[in-house]
Amino acid sequence: MQTKIHLPFLTLLLMISFASVNAVLFTPALPLIANFFAISDASAQQTMTWFLVGYAIGQLIYGPIANRFGRKPAIYLGICLQILSSFICISSGIFHIYLVLLWGRFLLALGSGVGLKITFTLINEIYEPVIASQKISYLMSAFAITPGLGVMLGGFLSTYFGWESSFCAGAIYGIILLILAIKLPETKHTLDLNALQFNHLMEGYGSQFKNKQLIAGGIVMGGATCFVYVFAALAPFIAMNMLHMSRSTYGIFNLLPPIGLVLGSLFSARLAKECQLLTPIQLG
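Now for a description of the structure that goes with this document.

What counts, and at which threshold
Residues numbered from 1 in each chain as written. Predicted model: local features only at pLDDT ≥ 70, side-chain atom pairs only at ≥ 80, totals over all residues. Heavy atoms only, no water. Phe/Tyr/Trp six-rings, centres within 6.5 Å; stacked < 30°, edge-to-face > 60°. Helix = DSSP H or I, 4+ residues; strand = E, 2+ residues; numbered from the N terminus. Buried < 20%, exposed > 50% of the residue type's maximum accessible area, 1.4 Å probe, protein only. Lys NZ or Arg CZ within 6 Å of the ring centre and 35° of its normal. Axes fitted to C-alpha atoms, helices over the stretch in contact; angles between N-to-C directions. Parallel < 35°, antiparallel > 145°, perpendicular 65-115°, else oblique. Contact = heavy atoms within 4.5 Å. Nonpolar A, V, L, I, M, F, W, Y, C, P; charged D, E, K, R; others polar.

1. Quick notes on the packing of aromatic side chains
Within this structure, the stated rule accounts for ten aromatic pairs. Relative to W163, the ring of F36 lies with its centre 5.4 Å away and its plane at 65 degrees, an arrangement referred to as edge-to-face. Of this pair, F36 sits in helix 3 (residues 30–37) while W163 sits in the loop between helix 10 (146–161) and helix 11 (164–181), placing them 127 residues apart in sequence. Residue F36 is classed as partly exposed on the basis of its relative accessible area, which comes to 30%. Look at W163 and you get buried, because its relative accessible area is 4%. Both rings, one in W163 and one in F167, keep their centres 6.2 Å apart while their planes meet at 90 degrees; by these two values the pair is edge-to-face. Among the aromatic residues, ring-to-ring pairing joins F26, F36, F37, Y98, W163 and F167 into one connected group. Here the basic side chain of R68 rests over the ring of F69, its NZ or CZ set 4.8 Å away from the ring centre.

Written as structure tokens, this is what we have:
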């Protein structure tokens, strides 16, 4: 293991938060988007649905891509796709075609999904298990805050610069991350030439789906995460259309859920030292 290599915390934080911030950055503008394209609230919320579809697919493909071509080429591919997709989303407003926005959101998720996957891969390959767990713990605590900051930024941007400005900010995020990623080390020195072969993929995923603990953990994690995205899709319409809250005020109030996530994480960590591992999950 290359324990002497240092991974910059800021780069890792931006990478692990890449998809989640891109998922919610534009949400304060959802009512604006519904009015702009003259569509229903439910249709506007499909922008979140298609993002999550792309995000899920991204988690499946970047592992094999990183094994075949290396960690850094996979990072470059995902970030460049995210930047391009941000401009596709902006172009939907120029051409006034909602379907283009949906496709842009799908591709945006497919690109930004690289961050979460490769962050964990780099940490586990460079650091010893104890240090790796500490790094991941710190990152997850910070990761809980960044989506709330993203919504707050999106609230101010959509108020003063229009809904397209959120995707401009997303593109800038991608460009900054691309520059920082250049300095990351390449940890995959022996490439797996068979990593993208269909039979190889099916065998690998088939063995994982037989792991009952992995499936149970995935269901619990997915069930918990779904609350975040359901809230992100519904809350703007409730806050602005029913409670008559401004977009900037809505963005500020979105700092409350991350505070709850951080407090919950700290409480769970404390509880995990004093009882069995499943107890904090059951209480949660």
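Let's pick the thread back up.
2. Brief notes about the packing of helix 1 (residues 9–16) against helix 8 (residues 114–126)
Two elements in contact, helix 1 and helix 8, have axes separated by 7 Å at closest approach and are oriented at 140 degrees. With respect to each other, helix 1 and helix 8 are oriented oblique. Across the interface between the two elements, L12, M15 and I16 from helix 1 touch G115, L116, I118, T119, F120 and I123 from helix 8. Class assignment for the residues of the contact of helix 1 with helix 8 results in seven nonpolar, two polar and no charged.

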